[in-house]
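Next come the chains, spelled out residue by residue.
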Amino acid sequence: MSISKITDAIFIASWPTQEDIYMLEEQGVRLILSMRQRVPPDFFAHADIRVVHLPTTDSIFIPMPVAKLHEGVEAALPVIEAGGGVAIFCKQGRRRSVAMACCILIGLGYPADEAMKLVKEKRPIADPTAWHIRRRILLFEQQWRERHPTTRKLTDDSTLPERPHHH
């Protein structure tokens, strides 16, 4: 399986094996967001890893529910704030997991276009600009900014500082 490290705290992958889960755990992953319809296998859950199943469909006919993106971001941000990592899976790691990763980055303060650019750069097979995926990311960004007006929006010439890890 190809696992892509988007930031120190965000990983995107296709459907993982049990060995992949152990490797991610060693990397500090404390939350798995599973975007497939299929229920995650039991081996996803470890003592230190919480699994959130957010079943979505990668279809131009059935838009990904933006509420699922909000649910994933709300689960991910506290884990990242606490210094843990988040792994996001779908079938191929190209669109649904990519949309979620972009939305988490938006929750961290990235503009949508910068989030999509970063994910594409770190995971070349990612397709955040597929029209049915990009529209959901942009809608999420609009809703997130309305609900969280204090989230710092980064400008093109600034970057997010690395968050200090408190142990």
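Residues numbered from 1 in each chain as written. Predicted model: local features only at pLDDT ≥ 70, side-chain atom pairs only at ≥ 80, totals over all residues. Heavy atoms only, no water.

Looking now at the overall build of the protein. Across its full length, the protein carries 5 helices and 5 strands. Taken from the N to the C terminus, the helices and strands of the protein come in the order β-β-α-β-β-α-β-α-α-α. The buried share of the protein, taken over its 167 residues, is 51%. Counting only contacts in the protein whose residues sit at least 6 apart along the sequence, the fraction spanning at least 24 positions is 63%. Total accessible area computed for the protein in this model is approximately 8500 Å², and 51% of it derives from carbon and sulfur atoms. (Helix = DSSP H or I, 4+ residues; strand = E, 2+ residues; numbered from the N terminus. Buried < 20%, exposed > 50% of the residue type's maximum accessible area, 1.4 Å probe, protein only. Contact = heavy atoms within 4.5 Å. Areas by Shrake-Rupley, 256 points an atom, 1.4 Å probe, with all protein chains shown as cover.)

The next thing to look at is the environment of serine 34. On the secondary structure map, serine 34 appears in strand 3 (residues 29-34). With 53 residues separating them in the primary sequence, serine 34 and alanine 87 have C-alpha atoms 8.4 Å apart. Apart from the residues within four sequence positions on either side, serine 34 is in contact with Trp15, Pro40, Val52, His53, Leu54, Pro55 and Phe89.

So, about the packing of helix 3 (residues 96-107) against helix 4 (residues 112-122). At a closest axis distance of 9 Å, the pairing of helix 3 and helix 4 adopts a crossing angle of 130°. Comparing their axes, helix 4 and helix 3 come out oblique. The crossing of helix 3 and helix 4 is right-handed. Residues Val98, Ala101, Cys102, Leu105 and Ile106 of helix 3 form the contact with helix 4, whose own contacting residues are Ala112, Ala115, Met116, Leu118 and Val119. Classifying every residue of the contact of helix 3 with helix 4 gives 10 nonpolar, no polar and no charged. (Axes fitted to C-alpha atoms, helices over the stretch in contact; angles between N-to-C directions. Parallel < 35°, antiparallel > 145°, perpendicular 65-115°, else oblique. Left-handed = near helix turned anticlockwise from the far one by under 90°. Nonpolar A, V, L, I, M, F, W, Y, C, P; charged D, E, K, R; others polar.)

This part takes up the sheet that holds strand 4 (residues 50-53). Pairing between the strands of a sheet comes from backbone hydrogen bonds, and it takes one of two forms, parallel or antiparallel. Spatial ordering of the open sheet is given by 1-2-5-3-4, a layout of 5 strands whose pairing is mixed. In the strand order of this sheet, the two ends are held by strand 1 (3-5) and strand 4, each with one partner. If you compare each strand with its neighbour and ignore which way they point, the axes differ by 20° on average. Relative to strand 2 (residues 10-13), strand 1 is paired through 3 bridges, and the arrangement is antiparallel. Its bridge partner lying in strand 2, lysine 5 is registered against phenylalanine 11. Sheet strands touched by helix 3: strand 2, strand 3 and strand 5 (85-89). Its angle to strand 2, the strand with the most contacts, is close to 170°. (Pairing = 2+ DSSP bridges.)

Of all hydrophobic cores here, the largest spans 43 residues; its most connected members are Leu33 and Ile104. Contributing elements (two or more residues each) for this core: strand 2, strand 3, helix 2 (66-81), strand 5, helix 3, helix 4 and helix 5 (131-147). Ranked by the residues each element gives to this core, the list is headed by helix 3, at 9 residues. Excluding residues within four positions of it along the chain, leucine 33 makes contact with Val52, Leu54, Gly72, Ala75, Ala76, Val86, Ala87, Ile88, Phe89, Met100 and Ile104. Counting 11 residues, the second largest nonpolar core, distinct from the first, contains Ile21, Leu24, Ile32 and Ala87. (Core = buried A, V, L, I, M, F, W, Y, C linked by side-chain atoms within 4.5 Å.)

The next point concerns the side chain of serine 4. One can find serine 4 in strand 1. Accessibility expressed as a relative area gives 9% for serine 4, which makes it buried. Only 2.7 Å separates the side chain of serine 4 from the side chain of arginine 123, close enough to count as a polar contact. Discounting residues that sit within four places of it in the chain, serine 4 has contacts with Ile10, Phe11, Ile12, Lys122 and Arg123. (Polar contact = N/O pair within 3.5 Å; in protein donor to acceptor, adjacent residues only side chain to side chain.)

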